[in-house]
Amino acid sequence: MEKNIAVIWGDCASPEIVRQALRVLDKVAEKFGHTFHYIDTAMGGEAIDKYGDPLPQHELDKCLAADSVLLGAVGGPKWEGLPGAQRPEKGLLRLRAGMGLYSNSRPAKIWPQLAPASPLKPEIVAKGIDFIIVRELTGGVYFGEHRTDTLPSGEKQAVDIMPYTEHEIERIGRIGFETARKRRKKLCCVDKANVLDTSRLWRAVMHRLKDEYPDVAYSEMFVDNCAMQIVKDPAQFDVIVTENMFGDILSDEASMITGSIGMIPSSSLGDGTRGLYEPIHGSAPDIAGQDKVNPTACILSAAMMLRYSFGMAAEADCIEAAVGKVLDKSLRTADNMSEGCTCLGCAAMGDAILAEM
């Protein structure tokens, strides 16, 4: 199979992790008989330095022409003083909008070898943590009307509107069901239907959809209860689907219970199979150029791209199994070191994962 991948190298330490992810993809291509073409694409600080714009149209066009996009991370102190519209992060928002990416999927998976790093009790971790949060990415309160008014009394009042349409809910709901079908066939819709009209509409749409997926066990949970259950019994979850703000909060909570942010990939998808794949961590400017950054989340993001955009399940399994074998050998990077383990740099961790493939 032949695929074109737009590669956004990113800022600060980001090129170091992207380089290792591409080495792993090259190994997959060699092992499984594929051809991957990489299109260098500038976004964020790199694009600002080159073009004075965090995402020029000609760079967005590269992403739109590709089969998928692999991103490291953008931003850093160098660009923090710029006006809001010119900051590196604005490029990421433009990219999501330009690619029509309305679904963000973030797995919360604890590798058994890293269990001691979780803040949860050992008996909870022992039951396993392996679920995905599917978050609606372009609707809800973040994209609704925002205003601050002055009341007749002179007091200020702020208003943020949380709109959702049926078609927005249906398309993210389908991704939730389809993701569950590829996993353990359990889907939980998280909302606040006892208070919010938007949540009641979510439930109405999801009830229609569930009849189309009789093989998926469907359930519902209020968001406050879900936040508690994620730390009390995360093993109960397989796939969670939820709206934008709830998903933002819950996915950050879920990332912390795994004990290592350097291990967590993510994907953003819209219609079709083209997506944006990136680690959830930032550009690590404090250790840029020191060969200390953990490349594993970026490598696992590449594995997600193979699985969810290219339909290459065996290839994704190969990468994930290699990561597991490396951890079995007590090989770590500085962010997840523990007693008795060997600390590797970024490139050496890439070498170790390649050796297990």
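Because the structure is a prediction, the values reported are computed rather than measured.

Enquirer: Go over the overall build of the protein chain, please, and point to the residues and values.
Expert: In terms of helices and strands, the protein chain carries twelve helices and 14 strands. The C-alpha atoms of the protein chain give 21 Å as radius of gyration, which agrees with the globular expectation for 357 residues (21 Å, within 12%). Summarising its shape, the C-alpha atoms of the protein chain cover approximately 65 × 50 × 40 Å along the three principal directions. The buried share of the protein chain, reckoned over its 357 residues, is 54%. Across the protein chain, every contact between residues at least 6 apart in sequence was considered, and the portion connecting residues at least 24 apart equals 75%. When the 39 positive and 50 negative side-chain charges of the protein chain are each reduced to one mean point, those points stand 3 Å apart.

Enquirer: Would you mind going over the side chain of Glu 278 in detail, with residue names and values included?
Expert: Here Glu 278 lies in strand β12 (residues 275–279). Buried charged residue Glu 278 carries no salt bridge. Nearest counter-charge: Arg 96, at 4.2 Å.

Enquirer: Talk me through helix α10 (residues 296–308); I want residue IDs and the actual numbers.
Expert: With 13 residues, α10 should reach 18 Å at 1.5 Å per residue; the first-to-last C-alpha distance of 18 Å fits that figure. Most of α10 sits out of view: 13 of its 13 residues are buried.

Enquirer: How would you sum up the layout of surface pockets? Please name residues and give values.
Expert: Volume-wise, the largest pocket comes out at about 580 Å³. What lines the largest pocket is a set of 25 residues, and nearest its centre among them are Leu 92, Leu 93, Arg 96, Arg 135 and Glu 278. Taken together, the elements giving at least two residues each to the lining of the largest pocket come down to α4 (88–99), β4 (103–109), α9 (244–257) and β12. The leading source of residues in the lining of the largest pocket is α4, at five residues. When its residues are assigned to classes, the lining of the largest pocket shows eleven nonpolar, seven polar and seven charged. Of the volumes computed, that of the second largest pocket is approximately 370 Å³. Lining the second largest pocket are 16 residues, with Pro 107, Lys 109, Asp 130, Arg 183 and Glu 320 sitting closest to its centre. Of all the secondary-structure elements, those providing two or more residues to the lining of the second largest pocket are β4, β5 (130–136) and α10. Among the elements that take part in the lining of the second largest pocket, α10 stands out by supplying four residues, more than any other.

How each quantity is defined
- Residues numbered from 1 in each chain as written.
- Predicted model: local features only at pLDDT ≥ 70, side-chain atom pairs only at ≥ 80, totals over all residues.
- Heavy atoms only, no water.
- Helix = DSSP H or I, 4+ residues; strand = E, 2+ residues; numbered from the N terminus.
- Rg over C-alpha atoms; globule rule 2.2 N^0.38 Å.
- Buried < 20%, exposed > 50% of the residue type's maximum accessible area, 1.4 Å probe, protein only.
- Contact = heavy atoms within 4.5 Å.
- Lys, Arg positive; Asp, Glu negative; His and termini not counted.
- Charge placed at Lys NZ, Arg CZ, Asp CG, Glu CD.
- Salt bridge = Lys/Arg side-chain N within 4 Å of Asp/Glu carboxyl O.
- Expected span 1.5 Å × (residues − 1).
- 1 Å grid on protein atoms, 1.4 Å probe; cavity = no way out; pocket = protein on both sides within 12 Å on 5 of 7 lines; lining within 4 Å.
- Points joined across faces, edges and corners; volume = space filled by probe spheres on them.
- Nonpolar A, V, L, I, M, F, W, Y, C, P; charged D, E, K, R; others polar.

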